[in-house]
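If you want the building blocks of each chain, they are given just below.
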Amino acid sequence: MARLPALPLSRCNQTGARLILGLALLIITYMALTPIPDLLQQTVNDKFGHALAFLLLAFLVHASWPNAPFGWRHGAPLVAYGAFLECAQYFVPGRFFSLLDIVADTVGIGLYLFLLPLLAPLIRSITGKRPT
């Protein structure tokens with residue numbers, strides 16, 4: 001298996017990524033734990049939204065701590081966060097626990113792992129540095 005690249009980001013960019021990560025976690029937590037009307041139905045778009053949100057979170061976690069290649073130490077806390085949200089939704093009116101949502105979260109993280117080596121040339125061209 002090819003080694004996944006670390007991200008060549010400056011300390012300023014790392015700090016910005018951490019701030020955006022914190023904001024994204026607050027927004028996602030609020031959205032996940034807010035009661036929704038009965039009129040909204042769970043659809044395929046919900047699973048796509050989960051995958052996309054966790055793809056973004058995976059990128060933000062990696063950008064926040066870019067000196068190491070993205071791996072289980074980055075991904076496992078994200079999966080645990082997704083499982084926590086699903087468990088907490090069990091107690092929110094209009095929400096329910098869904099194992100498929102956790103699967104969609106994990107797919108989003110896996111998609112980031114898949115896309116990262118493909119994006120290495122783009123990272124190199126933007127930053128002028130070679131991903132390590």
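Keep in mind it's a predicted model, so treat the numbers as computed, not measured. (Residues numbered from 1 in each chain as written. Predicted model: local features only at pLDDT ≥ 70, side-chain atom pairs only at ≥ 80, totals over all residues. Heavy atoms only, no water.)

Colleague: Would you mind going over the packing of helix H1 (residues 11-32) against helix H3 (residues 72-89) with me for this structure?
Modeller: At a closest axis distance of 10 Å, the pairing of H1 and H3 adopts a crossing angle of 30°. Taken together, the axes of H1 and H3 lie roughly parallel to each other. At the point where H1 passes H3, the crossing takes the right-handed sense. Here Leu 25, Ile 28, Thr 29 and Ala 32 of H1 come into contact with H3, specifically with Tyr 81, Leu 85 and Gln 89. (Axes fitted to C-alpha atoms, helices over the stretch in contact; angles between N-to-C directions. Helix = DSSP H or I, 4+ residues; strand = E, 2+ residues; numbered from the N terminus. Parallel < 35°, antiparallel > 145°, perpendicular 65-115°, else oblique. Left-handed = near helix turned anticlockwise from the far one by under 90°. Contact = heavy atoms within 4.5 Å.)

Colleague: What is the right way to look at the side chain of Ser 98 in this model?
Modeller: With respect to the element layout, Ser 98 can be found in the loop between H3 and helix H4 (99-127). Not counting the four nearest positions on each side in its chain, Ser 98 is found in contact with Lys 47 and Glu 86.

Colleague: Explanation requested: the pattern of salt bridges in the structure shown.
Modeller: Oppositely charged side chains can form a pair if their charged atoms are brought close together. Applying the stated rule across the entire model yields two salt bridges. Here Asp 46 and Lys 47 are joined by a salt bridge, their closest N and O atoms 3.1 Å apart. The class for Lys 47 is partly exposed, based on a relative accessible area of 24%. Across the salt bridge formed by Asp 101 and Lys 47, the nearest N and O atoms sit 2.5 Å from each other. Linking Asp 101 in helix H4 with Lys 47 in helix H2 (residues 44-64), this pair joins segments that are 54 residues apart in sequence. (Salt bridge = Lys/Arg side-chain N within 4 Å of Asp/Glu carboxyl O. Buried < 20%, exposed > 50% of the residue type's maximum accessible area, 1.4 Å probe, protein only.)

Colleague: Would you mind showing me how to read the nonpolar core here?
Modeller: Nonpolar side chains in soluble globular proteins generally cluster together in the buried interior. One finds Phe 54, Leu 57, Phe 70, Leu 78, Tyr 81 and Tyr 112 to be the most contacted residues of the largest nonpolar core, which totals 20 residues. Among the secondary structure elements, those contributing two or more residues to this core are H1, H2, H3 and H4. The element contributing the most residues to this core is H2, with seven residues. Ignoring sequence-local partners within four residues, the contact set of Leu 57 consists of Leu 21, Ala 24, Leu 25, Ile 28, Leu 78 and Tyr 81. (Core = buried A, V, L, I, M, F, W, Y, C linked by side-chain atoms within 4.5 Å.)

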